[in-house]
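Each chain, letter by letter, is given below.
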Amino acid sequence: MKRLIVIADRATHVSLKLLVALNALFFLSFLIIALLAAGKARAETPVCAGTDMLSALQKGDPATYGKIEADAAATPNGKGLLWKLEKSGEKPSFLFGTMYVTDPRVTTLPPAAQKAFDAAGTVIIETTEVLDKQKMMAALLKEPDLMMFTDKTTLSSLLSPDDAAVVNKALDARGIPPATVAKMKPWLLSAMVALPACEVARQAGGAPVLDVKLAKDAKASGKSVEGLETVADQLRAMASLPIAFHLKGLVDTLKLGDKVNDVNETMIVLYRRGDTGMYVPLFRTVIPEQVDDQSGYAEFEQTMITSRNKVMVDRAAPILARGNVFMAVGAMHLPGAQGLVEGFRKAGYTVTAVN
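So, here's what we can say about the structure. Worth saying up front: this structure is predicted, and the values here are computed from it rather than measured.

Before going further, it helps to examine the overall build of the protein. From N to C terminus, the protein includes 18 helices and six strands. When each of the 355 residues of the protein is scored for burial, the buried share is 53%. The contacts of the protein with a sequence gap of at least 6 include a subset with a gap of at least 24, amounting to 86%. A total of about 15,000 Å² of accessible surface is found on the protein, and carbon and sulfur atoms cover 55% of it.

With that settled, consider the sheet that holds strand 1 (residues 82-86). With mixed pairing, six strands are arranged side by side in an open sheet as 4-3-5-2-1-6. With one partner strand each, in any of the chains shown, strand 4 (224-227) and strand 6 (350-353) form the two edges of the open sheet. Taken pair by pair, the neighbouring strands of this sheet meet at an average axis angle of 25°, ignoring direction. Pairing of strand 2 (residues 93-98) with strand 5 (residues 325-330) involves five bridges; the strand directions are parallel. Considered in strand 5, the bridge of G97 is made with V329.

With that settled, consider the nonpolar core. Residues F96, M99, Y271 and F326 are the most contacted members of the largest nonpolar core, which totals 40 residues. Top element by residues in this core is helix 15 (residues 260-273). It accounts for six residues. Not counting residues within four places of it along the chain, the set of residues in contact with Y271 comprises L81, F96, G97, T98, M99, V106, L210, Y279 and A331. Counting 35 residues, the second largest nonpolar core, distinct from the first, contains M136, M137, V193 and L250.

Next up on the list: unusual backbone geometry. Of note, the phi angle at N77 is positive, near 60°, even though the residue is not glycine. Locating N77 in the fold gives a position in the loop between helix 5 (62-73) and strand 1. Under the relative-accessibility criterion, N77 is labelled buried at 14%. Positive phi is not limited to glycine here, since N324 has a value of about 60°. Along the polypeptide, N324 turns up in the loop between helix 17 (291-320) and strand 5.

Turning our eyes to something else, we now look at the side chain of T102. Here T102 shows up in the loop between strand 2 and helix 6 (104-107). The exposure class assigned to T102 is buried, which follows from its relative accessible area of 6%. At 2.6 Å, the side chain of T102 and the side chain of R202 are in polar contact.

The set of residues buried in helix 4 (residues 53-60) consists of M53, L54 and L57. Buried residues along helix 4 cover an arc of 95° about the axis, so they all sit on one side. Near the N-terminus of helix 4, the side chain that reaches the backbone nitrogen of L54, with its oxygen 3.0 Å away, is that of D52.

With the rule as written, the count across this model stands at one disulfide. Disulfide partner of C48: C198, at an S-S distance of 2.0 Å. The disulfide joining C48 to C198 has a torsion of about 110° about its S-S bond and is therefore right-handed. Here the residue C48 occupies a position in the loop between helix 3 (27-37) and helix 4, and C198 occupies one in helix 11 (residues 197-204), the gap between them amounting to 150 residues. On the basis of relative accessibility, which here comes to 5%, the residue C198 falls in the buried class.

Further remarks concern the pairing of strand 5. Within strand 5, six of the six residues are buried, leaving the element largely enclosed by the surrounding structure. Relative to strand 5, strand 3 (residues 122-125) runs parallel, the two sharing three bridges. Within strand 5, the position partnered with V123 by the bridge is F326.

Summarising burial for strand 2: six of the six residues are buried, a large majority. Burial of strand 2 is two-sided: the residues S93, L95 and G97 facing one way and the residues F94, F96 and T98 facing the other way are all buried. Summarising the sheet, strand 1 and strand 2 pair through four bridges and their orientation is antiparallel. Within strand 2, the position partnered with K84 by the bridge is F94.

Along the chain, E229 falls in the loop between strand 4 and helix 13 (231-239). Of the polar contacts made by the side chain of E229, one reaches the side chain of R308; its length is 2.9 Å. Here E229 is in contact with E126, T127, Q234, R308, M312 and R315, once residues within four sequence places are set aside.

Under the definition given, this model contains 17 salt bridges. Across the pair R105 and D103 runs a salt bridge, and its minimum N-O distance is 2.9 Å. A residue is classified by how much of its surface remains accessible, and R105, at 32% relative accessible area, is partly exposed. Residue classification places D103 among the buried residues on the basis of a relative accessible area of 6%. The shortest N-O distance in the salt bridge between R273 and D275 comes to 2.7 Å. D275 sits in the buried class, given a relative accessible area of 7%.

Rules behind the numbers
Residues numbered from 1 in each chain as written. Predicted model: local features only at pLDDT ≥ 70, side-chain atom pairs only at ≥ 80, totals over all residues. Heavy atoms only, no water. Helix = DSSP H or I, 4+ residues; strand = E, 2+ residues; numbered from the N terminus. Buried < 20%, exposed > 50% of the residue type's maximum accessible area, 1.4 Å probe, protein only. Contact = heavy atoms within 4.5 Å. Areas by Shrake-Rupley, 256 points an atom, 1.4 Å probe, with all protein chains shown as cover. Pairing = 2+ DSSP bridges. Axes fitted to C-alpha atoms, helices over the stretch in contact; angles between N-to-C directions. Core = buried A, V, L, I, M, F, W, Y, C linked by side-chain atoms within 4.5 Å. Polar contact = N/O pair within 3.5 Å; in protein donor to acceptor, adjacent residues only side chain to side chain. Arc of directions from axis to C-beta. Disulfide = S-S within 2.5 Å. Salt bridge = Lys/Arg side-chain N within 4 Å of Asp/Glu carboxyl O.

This is the structure in structure tokens:
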């Protein structure tokens, strides 16, 4: 049996898609680090491990790889990270897709993107609240039920005995006492266990993810920095999704174990290639859908990606009207018929990919 199919057993189904989906929420990693990593002794950063699943598939099953490529090619605007936005009466601006990790392969901008960033007068990121973690946490503490169970509910009380045992064992293996996260909402815990150990260590050590690096560099060079959302906005959207979806995602992500490293490595490889349209076809093709998972993920995609895309276009419009803007948001928001590239076209912009 081919290597990727071995990896893609039933336990990885929801977790793989959840890992991709969580990359639409870059603030989550900051929140997890603030909640769990603060005050811990800084050990030597572990070496990042992980194998490119796509490369293995290309060698072991070229027919399936060809199908994934075909599906990705059929995704509108599925190739490219940097897009030029032009509209009559405005100076051109740029839209850039990011990935929320500290990996140097990601945080080093491609030359064309670096040139656009350097020339911009204003930089837009999803939320500027992550630039001040204390202020962000203070805002969230006003709505504690977005992060924690505030009644008698605990994480284990929502799980079957078997699933609770899986979760507790997996948390123990990661050095996280289950009792310390018993009141934590499952989407926060999912975000934490979806990060490779090397990424957690780098962030805990102060290394910025790409979006924050861009915002800090912008401020240092005198550029204006604007945000489109609040962290609470995003958490409210997460909280609106069925708890069963989040619980299943958590359990299956924990079952994934060290294979989470392969998923993250694959996503970085695809990101560096600018293949934003290949994320979903890859995981959909190698892991057959089932009705319950399909409907759950569709709701997640609508709430956390598609609906937010419209908000981003609307809120970015008056900022883009000033001209000479560099807008940096998660790459998952760019492709597709409901993605930001099409959204800006519908808003009257000429949008072209910049190689």
